[in-house]
Amino acid sequence: MVHGILAMQHPSERPKWWWWVFVAGLAAFFITMPFHLEIFVILEMSRFFGMAMLALSMGFLWGFSGILSFGQTAFFGLGGYGFTVLALNTGETTGSVFFAVALGAAGAGILGYFMIYGRISEIYLSVITLVFTLILEKGIRATSGDQYVIGKVRLNGQNGIPTVPQLDVPWNTSVQLDINWFFWVGAVVMILVYIGLRLLLTTPFGRVLVGIRENERRTELLGYDTRRYKLGAFMLAGGVAGLGGAFYAISIPLAHPEMFSLGRAADVIMWVLVGGKGTLIGPIAGVFAIEHFKGWLGTQGVGQVTLVLGAVLILFVLVFQRGLVPSIGSLPGLWQDRAAIGRRLGEAAAQARRPVRRRGQARRGSGA
Amino acid sequence: MSETAAEREVILETKALEKRFGGVSAIAGVDFALRRGELRCLIGPNGAGKSTFFKMLTAQIRPSSGSILFDGRDISRAHPHEISRLGIGIKNQVPDVYDGITVDENLWLAARFRHGARAARAKVDETLARLELGGIRGQVLGQLAHGQRQWVEFGMVMALEPEVILLDEPTAGMSIEETNRTAALIREVNRTTTIVVVEHDMQFIRQIADIVTVFHQGRILAEDTMARIQANRDVREVYLGTSGLA
């Protein structure tokens, strides 16, 4: 069970009942948090949900279709800015969240079309996506002048847009969500994204994606136009990253060029690697573990937070190669093996204790 | 037998097919014709161009010049995924399978391309039964023996129900017993499907072949029945020093 949730060996199989229990438990865990945690913890954790959606987009794309998009932050940033600009212009937030998703997916669609249909190799795809996000970062940083206005919103260059509107109630837009409600909405949306991606892997689309990850050439020779599947996955991941961007921008609240930055792009890789590539719960765990650890390091006066984080990443790549979550997932297996080894030892001991009748072998038998 | 085969229509044909890598011609003008229902074997020394030829037939490599006709249609500029749709299935030389997922899922991905959800399930069951792989269906493919992985790949190609099957060294790394079973399987599939086999194992070729085509330095050196090929002086010369034909 634990193995099924954490290590995800057979993504094509429909989740069993205990997976749903696990998801319900996860939801309950988050939903009860505002009742027993202090408000600054809730505020801090609200940020994690947007990041977790970004991590999920990367975890899905990299872990299950084999595409390493180093610049998922491009779509994250597009989502953040897209939401902010539209919501400030229209005064409407729910639709703006959907717009953030669409913008992320559209950006990924345009970039992905040229990369995937141009048959660019994997390593170049990683480089191009990274360059793309850095170009967007530079571009946004250069918009500090008065002339850079979309509708009535100034882009503000380096400083970002600090007036990101809070989400309001979809059926009563005059009421804004308070801190707890925003936390709950973020948690629920993140869990819904998790469930959605998990179930997608059981559909023919998801199963073909895993096939592409395993062997793209074979998948083509079976007749699948792998370019369409890859572009589909890339756009989906772009949309999820855009959704994460909107939630992140609301939570800070700030739409900032930093969302596109190299540091943020590297964070995503780290979340997924440390949490566990090839799983979906891993990237979520990676965000909560690393971001919480970062915050804690900051309060310990270490000074060199980045350096310590780098060491942690190296440790994970070397020691827990499959990441935190799958490593925990294989512990029960080890435990079972241990039990089996114990049983076998016991049997051998019992055998040895059994009186051996044959002459001359008695001594050797008991010594076994 | 060869007379009736000669009357049947040509299903796969190449004309003056060439592939140059830099200054080297891997395939140097091949005119090849395959008739519906044939079981053709391709032989030749290493580097003769057999695998390159197969890869060109399945659009994994683009020809430098010349044409490939499948059912009268030029496929020399096609994409790999269109090849399967037209009805050509290939088992590459190196087992080209999904090592990280189960045998069942490997076959399902092949079957699902041709069939709806329910029919694909049935096709997987049928293929597992036919290849006697039912006992290992839940295992991850990468953990299986080489011969079993070859069979799974063969099963994947069969599940596509192609009109022409190309098999590149289907018995490589198999025991004698497994080789015999593969020969029987190929003969059985050949009742409904045209098959081309690249092989080095002459014993195996004697078991299955109707007509044998000999490749040498990117060209067709000879094409005849196995008995006459074995008596062919040029062929013997090419193979001199290697075992098998003598």
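Quantities reported herein were computed from a predicted structural model and do not represent experimental measurements. (Residues numbered from 1 in each chain as written. Chains lettered and ligands numbered in written order. Predicted model: local features only at pLDDT ≥ 70, side-chain atom pairs only at ≥ 80, totals over all residues.)

A.B. asks: Residue-level account of the overall build of chain B, with values.
C.D. replies: Each helix and strand counted, chain B has 10 helices and 10 strands in total. Against the globule reference of 18 Å for 246 residues, chain B gives a C-alpha radius of gyration of 18 Å, in line with a compact fold. Based on the C-alpha atoms only, the size of chain B along its principal axes is roughly 50 × 40 × 40 Å. (Helix = DSSP H or I, 4+ residues; strand = E, 2+ residues; numbered from the N terminus. Rg over C-alpha atoms; globule rule 2.2 N^0.38 Å.)

A.B. asks: Tell me what's going on with the overall build of chain A, and back it up with residues and numbers.
C.D. replies: The helix and strand inventory of chain A stands at 16 helices and 4 strands. Considering chain A as a whole, with its 368 residues, one finds that 42% of them fall into the buried category. (Buried ≥ 20, exposed ≤ 12 C-beta atoms within 10 Å, placed from the backbone.)

A.B. asks: Any details on helix H11 (residues 262–275) of chain A? Residues and values, ideally.
C.D. replies: Residues and elements named next belong to chain A. Between the first and last C-alpha of H11 there are 20 Å, a value that for 14 residues agrees with the 20 Å anticipated at 1.5 Å per step. Looking only at H11, the buried set comprises Arg264, Ala265, Asp267, Val268, Trp271, Val272, Leu273, Val274 and Gly275. Elements in contact with the buried residues of H11: helix H3 (39–65), helix H4 (73–90), helix H6 (122–141), helix H12 (281–299), helix H13 (305–318) and helix H14 (324–329). With its phi angle positive at about 130°, Gly276 sits one or two positions after the end of H11. (Expected span 1.5 Å × (residues − 1). Contact = placed C-beta atoms within 7 Å.)

A.B. asks: Describe the packing of H4(A) against H6(A), and please don't skip the residues or the numbers.
C.D. replies: Residue and element names in this part refer to chain A. With their axes 8 Å apart at the nearest point, H4 and H6 run at an angle of 30° to one another. Contacts from Thr73, Ala74 and Gly77 in H4 reach Thr129, Phe132, Thr133 and Leu136 in H6. A per-class count over the contact of H4 with H6 returns 3 nonpolar, 4 polar and no charged. (Axes fitted to C-alpha atoms, helices over the stretch in contact; angles between N-to-C directions. Nonpolar A, V, L, I, M, F, W, Y, C, P; charged D, E, K, R; others polar.)

A.B. asks: Would you mind going over the packing of helix H4 (residues 103–114) of chain B against helix H5 (residues 117–130) of chain B in detail, with residue names and values included?
C.D. replies: Two measures define how a pair of helices packs: the angle their axes make with one another and the distance between the axes. Residue and element names in this part refer to chain B. It is at 9 Å that the axes of H4 and H5 come closest, and there the two elements cross at 125°. The orientation of H4 with respect to H5, classified from their angle, is oblique. The chirality of how H4 crosses H5 is right-handed. In this structure, H4 uses Asp104, Leu107, Trp108, Ala111 and Arg112 to contact H5, whose residues at the interface are Ala120, Lys123, Val124, Thr127 and Leu128. Classifying every residue of the contact of H4 with H5 gives 6 nonpolar, 1 polar and 3 charged. (Parallel < 35°, antiparallel > 145°, perpendicular 65-115°, else oblique. Left-handed = near helix turned anticlockwise from the far one by under 90°.)

A.B. asks: Account for the sheet that holds strand S9 (residues 211–216) of chain B, naming residues and giving values.
C.D. replies: Residues and elements named next belong to chain B. Taken together, the 6 strands give an open sheet; going across it, the order is S6-S7-S8-S3-S9-S10, and neighbouring strands pair in mixed fashion. Looking at the sheet topology across the chains shown, the edges are occupied by strand S6 (88–91) and strand S10 (219–225). The sheet shows a mean angle of 20° between the axes of neighbouring strands, direction not considered. Contacts from helix H2 (residues 50–57) reach strand S3 (39–43), S6, strand S7 (164–168), strand S8 (194–198) and S9, with the element oriented near 150° to S7. Of the strands in this sheet, S6 and S7 touch helix H6 (residues 146–159), which is tilted by about 175° from S6. (Pairing = 2+ DSSP bridges.)

A.B. asks: Could you give me a rundown of the interface of chain B and chain A, with the residues and numbers involved?
C.D. replies: Across the contact, 20 residues belong to chain B and 18 residues belong to chain A. Contributions of two or more residues to the side of chain B that touches chain A are made by helix H3 (80–86) and H4 of chain B. Sorting elements by how many residues they give to the side of chain B that touches chain A places H4(B) first, with 5 residues. Residue composition of the side of chain B that touches chain A, by class: 10 nonpolar, 5 polar and 5 charged.

A.B. asks: Let's hear about the nonpolar core: which residues, and what values?
C.D. replies: Buried together is how nonpolar side chains tend to be arranged in soluble globular proteins. With 161 residues, the main nonpolar core has A:Ala52, A:Met53, A:Ala55 and A:Leu56 as its most contacted residues. Non-local contacts of A:Met53, meaning those with residues more than four positions away in its chain, are made with A:Met190, A:Val193, A:Val240, A:Leu243, A:Gly244 and A:Phe247. (Core = buried A, V, L, I, M, F, W, Y, C linked by C-beta atoms within 7 Å.)

A.B. asks: Can you tell me about H12(A), naming the residues and giving the values?
C.D. replies: Taking 1.5 Å per residue as the helical rise, H12(A) with its 19 residues ought to reach 27 Å, and the 27 Å between its terminal C-alpha atoms agrees with that figure. The complete set of buried residues in H12(A) reads A:Ile281, A:Gly282, A:Pro283, A:Ile284, A:Ala285, A:Gly286, A:Val287 and A:Ile290.

A.B. asks: Residue-level account of the pairing of strand S1 (residues 10–21) of chain B, with values.
C.D. replies: Residues and elements named next belong to chain B. Where S1 lies against strand S2 (residues 24–35), 9 bridges are found, and the strand directions are antiparallel. Its bridge partner lying in S2, Leu17 is registered against Val30. Linking S1 to S2, which pair antiparallel, is a turn of 2 residues; within it Gly22 sits at a positive phi near 65°. Across 5 bridges, S1 lies against strand S4 (residues 65–70) in antiparallel orientation. By the bridge assignment, Thr14 is partnered in S4 with Ile68.

A.B. asks: So, the sheet that holds S4(B): which residues are in play, and what are the values?
C.D. replies: Residue and element names in this part refer to chain B. A sheet is described by the order of its strands in space; here 4 strands give the open sequence S2-S1-S4-S5, paired in antiparallel fashion. Of all the strands in the sheet, the pair left with one neighbour each is S2 and strand S5 (73–74). Set on the sheet, H2 makes contact with S1, S2 and S4; between it and S2 the angle comes to about 65°.

A.B. asks: I'd like a rundown of unusual backbone geometry, residues and numbers included.
C.D. replies: Residue and element names in this part refer to chain A. Of note, the amide linkage connecting Ile252 to Pro253 takes the cis form, showing an omega dihedral of -10°. In this structure, Asn156 takes a positive phi of about 70° despite not being glycine. Looking at the element boundaries, Asn156 is found in the loop between strand S2 (153–154) and strand S3 (168–169). Taking the C-beta count within 10 Å as the criterion, Asn156 has 20 such neighbours and is therefore assigned buried.

A.B. asks: Account for the environment of B:Phe215, with residues named and values stated.
C.D. replies: All names here are of chain B. In this structure, Phe215 sits in strand S9. In this structure, the C-alpha to C-alpha distance between Phe215 and Arg149, residues 66 residues apart in sequence, is 27 Å. Residues within four places of Phe215 in sequence aside, it is in contact with Leu42, Gly44, Ala48, Gly49, Lys50, Ile220 and Leu221.

A.B. asks: Provide a residue-level description of the pairing of S4(B), including the pertinent values.
C.D. replies: If a strand is regular, its side chains alternate between the two faces of the sheet. Residue and element names in this part refer to chain B. For S4 and S5, the ladder comprises 2 bridges, and the chain directions are antiparallel. In the sheet register, Phe70 faces S5, and the bridge partner there is Arg73. Counted along the chain from S4 to the antiparallel partner S5, the turn is 2 residues long, and its residue Asp71 has a positive phi close to 55°.

A.B. asks: Describe the confidence of the model for chain A, and please don't skip the residues or the numbers.
C.D. replies: Caution applies to low-pLDDT parts of the model: their predicted coordinates are not meant to be read in detail. Mean pLDDT over chain A stands at 88; residues scoring 70 or higher make up 88%. Note that pLDDT drops below 50 for residues 357–368 of chain A; the model gives that stretch 9 contacts with residues more than four away or on any other chain. (pLDDT = per-residue confidence, 0-100.)

A.B. asks: Quick one: what's the story with the environment of B:Val238, residue by residue and with numbers?
C.D. replies: All names here are of chain B. One can find Val238 in helix H10 (residues 233–239). On the neighbour-count criterion, Val238 (21 C-beta atoms within 10 Å) is buried. Linking Val238 and Gly44, residues 194 residues apart in sequence, is a C-alpha distance of 8.2 Å.

A.B. asks: Go over the confidence of the model for chain B, please, and point to the residues and values.
C.D. replies: Within chain B, residue pLDDT values average 89, and 94% of them lie at 70 or more. This prediction of the complex comes with two scores: 0.87 for pTM and 0.88 for ipTM.

A.B. asks: With reference to specific residues and values, describe the environment of A:Ser46.
C.D. replies: All names here are of chain A. Mapped onto the secondary structure, Ser46 falls in helix H3. With 22 C-beta atoms counted inside 10 Å, the residue Ser46 sits in the buried group. C-alpha of Ser46 to C-alpha of Lys230: the two residues are 184 residues apart in sequence and 31 Å apart in space. Non-local contacts of Ser46, meaning those with residues more than four positions away in its chain, are made with Phe182, Phe183, Gly186 and Ser251.

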